[in-house]
Amino acid sequence: MARSLPGFLAQIVAVALICCSFAAAASIFQPISDSHRSAALEIFDRSFGSLEETYEALRTFDVLGLERKPDVGTTACQSVSQTLASSSSNLKDIFYALKVNGVLKCELDAESVEGTVSTFQTAVGSASSLLEFYHSIGGLVLVKDQALKGDLFLADAEGAFRSIKALSQSDGRWRYSSSNPESSTHAAGLALEALAGVISLSSSEIDQSLIGTTKNDILKLFEQAEKYDDGTVYFDEEEIDAHESQGPLTSTWSVVRGITSFAAVTSGNLNLPGEKVLGLAKFFLGVGIPGGAKDFFNQVDSLACLESNRQVLSWNDSLCLIAIPLILSLPATVNSLTRKDALKVKVSTVLGSDAPPLMVKLVRAKDTPAIESQELKFDSENKVHVLETLKKSVDVGKYIFVFEIVFHDPEHKKVYAVESKAEVPIFLTGAVKVGNAEIAVLDSDLGSTETQKNLDFAGENLVSLSANHLQKLRLRFQLTTPLGHPFKPHQAILKLTHGSKVDHIFVVGSTGKQFEIILDFLGLVEKFYYLSGKYEIQLTVGDAVMENSFFKVIGHLDLDLPEAPEKAPRPPVQPVDAYSRFGPKAEIAHIFRAPEKRPPQELSLTFLGLTVLPLLGFIIGLLRLGVNLKNFPSAAAPALFAALFHLGIGAVLLLYVLFWLKLDLFTTLKILGFLGVFLLFVGHRTLSHLASTTSKVKSA
């Protein structure tokens, strides 16, 4: 096991390096899965400090289809009622109280709702910052959507629209207030969401020129987006004065909510390209599973928005009329040619829902003509597209497969956003044959072979060689794929380990079809620190697509090197094995002295009898003296103390017996000390009573 572990780690490193080289060319994105659901239960498994945190947890659980704890609803509804009834609650708290109510459907007091509406309407008329507009308008939309108050409209909707629009910048970003010159991507998302609320609360149609200008602002905003080579799109921004710096997840989440909310309440098309929407989905899926609750909510909420496509705006569920992204993913990107694994492809929404009827085609594989265009068969039971077998001319290696998605219904192209040509990295693995392996000791001058032995990597036979500093060591072997093509692994390493644990590592190079390395010991004496003796020879050959990668000891070499000169380099000090230093020590076996020979049994019994004789004499003496209980106190309290005194005497005698049988001296003395104090007290009370009784009798 100890020898196989380094080889296993070497293969893991090889796979990691190869995967990193693929990352620039192609990436794999997986939809939301059970891993996210398990993570959500851990991240949100606590009491929530605010209504904002409560809403984020409830929203996440609803999107992922998780069951929330029963006590959460009761506690949250109490907090909602208190927040709406309190006159000191700020706009943000009331806003999130209504968001929580939209999920839990709490029973609210009509008077509290009227006061909340009045507070929001007053705030809209006096708002001077984007956040005030966002919370007050958003709160009114929540009241309207939850049917808490009928016929709810803004008195001057177009005026509010213009006030918010006045904070926009020419690059599509927004300012938080007119007094703050810095623009923000995060603020742009909040502004678009607030504008969508204004439109939904307007009793008349908003000026279409304002809406058209806002749509152009959205397109300009996407010109500021960051991009990756794999099509990922996201938004980021620098730190802004008077506001905390927003990370990419928060900024992108804000923009997604903004554009989807705005698109849901406006007619016409945003002209937002499908690859932009797909790029946003790739960004959120590429994050994996965020570790923080806020980032986790931002990811799930954004993906839920991108998946929805409805015509009603809800500030609890961002609904959108833009293209719905579809994700092409692979359950496994490593397929074995030995086992003849089928290639499986899954197309789904970002939350893992089924895609509409479609066809998946394997168009080609980059940089290889061996793979031709093929249509994958749809497995309706498992909801995957399957390619049963590849052509026999396909060999092991690393490939980038290019897939194409074709809808059965052409109208679905207008509803869904898909990648025109999805590039996915695939590893096709197989058993690589190792042949013509030999190791030899050569004469340095003539180059002739002095000793040569064949190697069998499948067996357990070890070779034994000997050489001196005037000779060379040569190792040769060939690697061929299952189709007989030369194979060059990611790593081929030869290691010689001296008995003192000093390692010497060499990379085995290839010359055409053959791998070969020659060690000239005359030029390596300093590197070997002039250490003569026995060296263990190890060979490591590994690759991500090589199923039979190995790390194997192939033999030993007795190397005779010259004596080290005075100023020769010394071998490095080897680290102390932590296990041998701090691990369990060897058990100490102590041999006790043989017990002394015991006296005869008759002698022991005689001594016991002599020990008991004084006790018998004491009892006989008491009987001869006529001891009786006539003077035993008759009153209740003195009788109790007298009884306790006699019990104490009995306890002392019992303690002596226990000391003889099992107790040690220190334990016995501790108990005797407590009994002595007890006997002193009850004995004094008993003797005092007897003395008093005797005195009365004499005086009488």
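What counts and how
- Residues numbered from 1 in each chain as written.
- Predicted model: local features only at pLDDT ≥ 70, side-chain atom pairs only at ≥ 80, totals over all residues.
- Heavy atoms only, no water.
- Helix = DSSP H or I, 4+ residues; strand = E, 2+ residues; numbered from the N terminus.
- Rg over C-alpha atoms; globule rule 2.2 N^0.38 Å.
- Buried < 20%, exposed > 50% of the residue type's maximum accessible area, 1.4 Å probe, protein only.
- Contact = heavy atoms within 4.5 Å.
- Salt bridge = Lys/Arg side-chain N within 4 Å of Asp/Glu carboxyl O.
- Pairing = 2+ DSSP bridges.
- Disulfide = S-S within 2.5 Å.
- Axes fitted to C-alpha atoms, helices over the stretch in contact; angles between N-to-C directions.
- Core = buried A, V, L, I, M, F, W, Y, C linked by side-chain atoms within 4.5 Å.
- UniProt positions renumbered as here; feature names shortened; annotations may be inferred.

**Thoughts on the overall build of the chain**
Next, step 1: From N to C terminus, the chain includes 18 helices and 24 strands.
Next, step 2: Taking 2.2 N^0.38 as the reference for a compact globule, 700 residues should give roughly 27 Å; the C-alpha atoms of the chain span a radius of gyration of 44 Å, well beyond that estimate.
Next, step 3: Across its three principal directions, the C-alpha atoms of the chain cover 130 × 105 × 60 Å.
Next, step 4: Taken across its 700 residues, the chain has 44% of its residues classed as buried.
Next, step 5: Residue pairs in contact within the chain that sit at least 24 positions apart in sequence constitute 69% of those at least 6 positions apart.

**Re the pattern of salt bridges**
Next, step 1: Scanning the entire structure with this criterion turns up 21 salt bridges.
Next, step 2: In this structure, Glu56 engages Lys294 in a salt bridge whose closest nitrogen and oxygen atoms are separated by 2.6 Å. Highlighted residues: Glu56 in helix α3 (residues 51–64) and Lys294 in helix α13 (residues 293–307), separated in sequence by 238 residues.
Next, step 3: Here Glu411 ties to Lys414 by a salt bridge, and the two come within 3.4 Å at their closest N and O atoms.
Next, step 4: By sharing partners, the salt bridges in this structure join Glu52, Glu56, Lys92 and Lys294 into a single network.

**Some thoughts on the sheet that holds strand β14 (residues 422–429)**
Next, step 1: A sheet is described by the order of its strands in space; here five strands give the open sequence β6-β14-β12-β8-β9, paired in mixed fashion. Here the strands that pair on one side only, and so sit at the sheet edges, are β6 (334–336) and β9 (374–375).
Next, step 2: Both strand β12 (residues 397–407) and β14 contribute to a ladder of seven bridges, which runs antiparallel. Within β14, the residue paired with Gly397 across the bridge is Leu428.

**Describing the state of the cysteines**
Next, step 1: One pass over the full model with this rule turns up one disulfide.
Next, step 2: Between the sulfur of Cys77 and that of Cys106 lies a disulfide, 2.0 Å long from S to S. Disulfide Cys77-Cys106: torsion about the S-S bond near -75 degrees, hence left-handed. Placement of Cys77 in helix α4 (residues 70–85) and of Cys106 in the loop between α5 (91–104) and α6 (110–126) is noted, with a sequence separation of 29 residues between them.

**Examining the sheet that holds strand β16 (residues 449–454)**
Next, step 1: The antiparallel open sheet is built from five strands, whose spatial order is β16-β15-β18-β22-β21. Unpaired on one side and paired on the other, β16 and β21 (509–511) mark the two borders of the sheet. Going from strand to strand, the sheet's axes swing by 25 degrees on average, the running direction of each strand aside.
Next, step 2: Relative to strand β22 (residues 514–520), β21 runs antiparallel, the two being bridged by three bridges. Within the sheet, the bridge partner assigned to Gly509 lies in β22 and is Glu516.

**With respect to the nonpolar core**
Next, step 1: Ile164, Trp174 and Ile259 are the most contacted members of the largest nonpolar core, which has 100 residues in total.
Next, step 2: Counting 44 residues, the second-largest nonpolar core is a separate cluster that includes Val463, Phe477, Leu479 and Leu561.

**Some thoughts on unusual backbone geometry**
Next, step 1: In this model, Lys340 sits at a positive phi of 60 degrees, which is unusual for a non-glycine residue.
Next, step 2: With respect to the secondary-structure elements, Lys340 resides in the loop between β6 and β7 (343–349).
Next, step 3: The class for Lys340 is exposed, based on a relative accessible area of 66%.
Next, step 4: The residue Lys383 is not glycine, and still its phi comes out positive at about 60 degrees.
Next, step 5: Locating Lys383 in the fold gives a position in the loop between β10 (377–379) and β11 (384–387).

**Focus on the UniProt feature "domain: Ribophorin II C-terminal" (unreviewed entry) in the chain**
Next, step 1: What UniProt calls "domain: Ribophorin II C-terminal" (unreviewed entry) maps, in this numbering, to residues 592–692.
Next, step 2: Strand forms 0% of residues 592–692 and helix 78%; the C-alpha atoms that close the span are 62 Å apart.

**Side note on the environment of Val384**
Next, step 1: For Val384, the position within the fold is in strand β11.
Next, step 2: Since its relative accessible area comes to 8%, Val384 is described here as buried.
Next, step 3: For the pair formed by Val384 and Leu343, sequence separation is 41 residues and the distance between their alpha carbons is 9.8 Å.
Next, step 4: Among all residues touching Val384, those that are not within four sequence positions of it are Val345, Lys346, Lys377, Phe378 and Asp379.

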